[in-house]
Amino acid sequence: MQRAVRHAIPRAVFRRVLEAIAVALILATICFALVHAIPGDMALRTAVSRLGVENTSPGAVEQIRESEMLSRPLIAQYGDWLGAVVTGDIGRSFVSGRPVAEELLGASGYTLRLAAIAWLLSYAFALPLGIAAGLAPNGALDRATALAAAALSSLPTFMIGIALISVFVLSLDWLPPAGYRRPEHLVLPALTLALGLMAPSVRIIRNAVVEVQDASYMTYARIRGFGRIKAFARHGLRNAGVPIVTFAALQFAYLMDGFFVVETLFNYPGIGDAMVKALLARDVPVVMGCALLIGTTYAGISLLAYLICMALDPRLVDEGHGSR
Amino acid sequence: MPRNIWLAALIAAMFASPLSAFAQDELRVVEPFQLQRLDTQTGGFQLRANGVTETLVQTNPEASVLPALAERWETSADGLHWTFYLRPDVTFHDGTSMTPETVAASFKALLPKGNLIKNAKIKDVTAGEGTVTFTLEQPFAPFLAYLLDPAVPVLAPSSFGPDGEVTAIVSTGPYRIESAELPQGLNLVRHDAYWGEVAKIERVRVDGVPNPETRVNIALAGEGDLVLEIPTTAIARVDRSGEAKIVRAPVPRVVMMLVNVKKPQFADVGIRRALSLAVNREAIAVTVMGNAELAANQYFPPAMKGWHFDDFKPQTFNLTEANRILEELGWVRGADGIREKDGIKFAGMMQTFPQRAYLPVIAEALQAQLKEIGFDLTIQVGESSLIPEAQNNGTLELGLGIRTMIYQVPDPVARLTTDFATDEPSTDATGATGWKSEAMREAVAAYNRTSDPAERLPLQRKMAEILQDELPVIPITFTDEKYAISERLEGFVADPVMQTRPLNHLSFKE
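### Re the overall build of chain B
Here's step 1: Per the secondary structure count, chain B includes 14 helices and 21 strands.
Here's step 2: Relative to the 2.2 N^0.38 estimate, which gives 24 Å for 510 residues, the radius of gyration of chain B is 25 Å and therefore close to what a compact globule would have.
Here's step 3: Judged by the C-alpha coordinates and their principal axes, chain B covers about 80 × 75 × 45 Å.
Here's step 4: Buried positions account for 58% of the 510 residues belonging to chain B.
Here's step 5: When contacts within chain B are restricted to residue pairs at least 6 apart in sequence, long-range pairs at least 24 apart make up 68% of them.
Here's step 6: Here chain B has roughly 20,400 Å² of accessible surface; of this, 53% comes from carbon and sulfur atoms.
Here's step 7: Each charge class in chain B was averaged separately, 48 positive and 65 negative side chains, and the resulting centres sit 3 Å apart.

### Focus: the nonpolar core
Here's step 1: By size, the foremost hydrophobic cluster in this structure holds 140 residues, and its most contacted members are Leu-56 and Phe-134 of chain B.
Here's step 2: The biggest single contributor to this core is strand β12 (residues 244-259) of chain B, with seven residues.

### Overview of the domain arrangement of chain B
Where interface size is quoted, it is often the accessible area lost as the parts come together.
Residue and element names in this part refer to chain B.
Here's step 1: One can read the domain layout of chain B as domain 1 (3-39 + 170-250 + 481-508), domain 2 (51-159) and domain 3 (251-479).
Here's step 2: Each of domain 2 and domain 3 has a C-alpha centre, and the two are 35 Å apart.
Here's step 3: If you look at the interface, domain 2 gives 13 residues, while domain 3 gives 17 residues.
Here's step 4: At the boundary of domain 2 with domain 3, total buried surface from both sides reaches about 1,100 Å², with 68% on carbon and sulfur atoms.
Here's step 5: For domain 2, the biggest contributors to the area lost against domain 3 are Leu-116, Ala-141 and Tyr-146; these three give 42% of the whole.
Here's step 6: Counting the contacts that link domain 2 with domain 3 gives one residue pair in polar contact (both at pLDDT 80 or more).

### Observations concerning the confidence of the model for chain B
All names here are of chain B.
Here's step 1: Taken as a whole, chain B shows an average pLDDT of 90; of its residues, 94% reach a score of 70 or greater.
Here's step 2: Averaged pLDDT values for the elements of chain B fall to 51 in helix α1 (residues 2-15) and rise to 98 in strand β5 (residues 81-86).
Here's step 3: pLDDT under 50 marks residues 16-22. Its contacts with residues more than four places away, or in other chains, come to eleven contacts.
Here's step 4: Prediction confidence for the complex, expressed as pTM and ipTM, is 0.83 and 0.79 respectively.

### Quick look at unusual backbone geometry
Here's step 1: A cis geometry characterises the amide bond from Leu-182 of chain B onward to Pro-183 of chain B, with omega recorded as 0 degrees.
Here's step 2: Residue position: Pro-183 of chain B is located in the loop between β8 (175-181) and β9 (185-190).
Here's step 3: The backbone phi angle of Asn-267 of chain A is positive, close to 50 degrees, even though this residue is not glycine.
Here's step 4: By the element assignment, Asn-267 of chain A lies in the loop between α10 (228-265) and α11 (271-281).

What counts as what
Going along each chain's sequence as written, the residues are numbered from 1 onward. Each chain gets a letter, beginning with A, and each ligand a number, beginning with 1, in the order they are written. Where totals are concerned, whole chains, interfaces and linings use all residues; where local detail is concerned, this predicted model gives features only for residues with pLDDT of at least 70, and gives and counts side-chain atom pairs only at 80 or more. Excluding hydrogens and water, the side-chain values take into account all heavy atoms of the structure. Runs of E in the DSSP output that reach at least two residues are strands. Runs of H or I that reach at least four are helices, and both are numbered from the N terminus. Put simply, the radius of gyration uses C-alpha atoms, and a globule should come to 2.2 Å times the residue count raised to 0.38. Buried means the residue's accessible area, taken with a 1.4 Å probe over protein chains only, is under 20% of the maximum for its type, while exposed means over 50%, and partly exposed covers the values in between. Two residues form a contact once any of their heavy atoms are found within 4.5 Å. Using a 1.4 Å probe, the Shrake-Rupley method yields the accessible areas, and only the shown protein chains count as cover for residues. The convention is simple: Lys and Arg are positive, Asp and Glu are negative, and His and the chain ends are not counted. For charged residues, the charge sits on one atom: NZ in Lys, CZ in Arg, CG in Asp, CD in Glu. For our purposes a nonpolar core is just a set of buried Ala, Val, Leu, Ile, Met, Phe, Trp, Tyr and Cys residues, chained together by side-chain atoms within 4.5 Å. The split of the chain into domains comes from an automatic or database domain assignment. Values labelled buried area give the accessible surface lost by two parts on being combined, using a 1.4 Å probe and summing over both. Polar contact criterion, stated in full: a pair of N or O atoms within 3.5 Å, where within protein one must be able to donate a hydrogen and the other to accept it, and residues adjacent in sequence count only if both atoms are side-chain atoms. Confidence per residue, as judged by the predictor, is encoded in pLDDT with a range of 0 to 100.

Structure representation (structure tokens):
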């Protein structure tokens, strides 16, 4: 079994890396097509974003059109970008003039910090609540978490953010409303994302626990004399972990969606904020850089989840998951 | 154990460096603009407004031009040579002295990047004995005002790289840039060797926060000392918060309806007059802008002396008169109440943008008001650049935009030129569409030839009259600037001409 795992892992990593590259390129290509499909003059939009609406002259627009070579056929622009990406150069921002890699590195640092805290915070609440609800299905806690999860899931992220601002900033005066310079600036954006993440997580964890509780190996463990908690800790936790890890990886998509809203609301300079501004400014190199980053990160997280699942349940390798 | 060390290092790295310390004694300025590049062409206005850059002259609240880095100036008899006598003992932020040579070199490097100053057609800049002389291609009377183009300040030689490009902003203002976190903000520190009033507050943090509600929350939480552009809807909340007070200052900015006079339903000046008479400006000024006095009955606001004329016939709300004009012109109401003439519907789509939160609201008010005279108005809210695009490709019907009349250059003629007296394509949501007036062009040209106030006044009246009579744009309301000033700050005086916010005059209460 151990040997099979050792052989399977490199194959899986290789396959996922190829997938990551493909996903990132497809995503960037779609973004390129979509940005250009939006009606309007690219050079004018870029000039307005760079100089401000009251400071944009016809000369400035033409200068940008020429310097960024926006008059060329789209296929040539795309081909040049692709050629540059192969050499590791993802271009310069039309608006700021800085290398896209440099901009994304700065923004992704902020986003990574926010994501990590939000994710940890959500599971710090979701894991104990989900397990407790799963160990006593249809009990008071189970019903209460079901209700809370339904309520939180139905609220859009910005509503959760505004509600938290109303309570913790405007009423209690405990936390700052926006910014990124102090550690406390992270609390509200992270909590906003965490509450959104937590709602479905609690139910997934609860269902995984209920399923494991009904499994024959758990019945066997109980017959051997283990109590419910001990039996679950020794045999159930590992088995319940596989769907939870898979779901946690899938939540990255929700998290990305949340970044767009939360980073704008809290004036937090992460990837979501950068991408929203780049889309409004038609800053194509930044939009495509973001797409590459999001695509590869998603594939990376998916790979990580896959490896954790194989470690939790080596039968997955036996079933051929690693060699496909 | 080693695994734990790695984990600890990772967590420490995540929370370490970028979260810089917050100084309680720093002045926190929150503005709606984010500085995209640290150069004068992109961020010139913010750099000057926050006291970083300066030039030879400055303005006072009446928009008069006063000495700054130049103590005085003189013009040659033919109006082609302007000589400025430099203030002695001026030190750049890097500690070097300002000399005629450094000033001339700075202008030579930055003039090609200038915006409105290009209209002055500067041929050469030369350094003399304590002086700098500009040679123009032709006499240009408002040269002093155009010299205030914020894209062309005076920068030290250390601002420029080997290729002549701006690599740093080293100027002479009361604050110097300590560090820049673009596009989020700037960290400024006092320039102790400043030639004028040295700043009382040592450090300034300028944050760009585009979302108006976030700026309001910052003001309500007491997290900003000077917060710009507070929406009207939040004024009472901020005033009640106990953290900040609202200071309102009229600014030379008009909200106006842009009309494409090439469209048949707007071609006749009588139709534009009827549309103007159907607008209840007072109601819009009270309900949307929170101040009845902001109703715009002519293009220039009352504060602009010499441009606003009390004896102009006001564009007063008068539905009966508006309907009478339309009947007379042959526009007949259909079964649905919408007028028609020769198969042309009395209708139009108004494009506007949400960056100024009041614009979509005013558009909706106009939609309801114009329906009373049988006009079918539809609204499209998009990016601000959509309006000039539509102007240039001829598809614009109506637009709702703003114009800050003395933005950047403290002479309204700079903007009148680009908005109403040029054949160049429009690049912002401000100018006339399909309208051309030789009389306006002649008045602008005559104004540019003379600096005599007595000669200029009738020309100013002429320009204002043309706009009032021909309505190439229909003024709706003026705006005021609403600043949230923290309770701990004192000394703030709003600059009505929006050229600067003199941070060096501010202090914290004891």
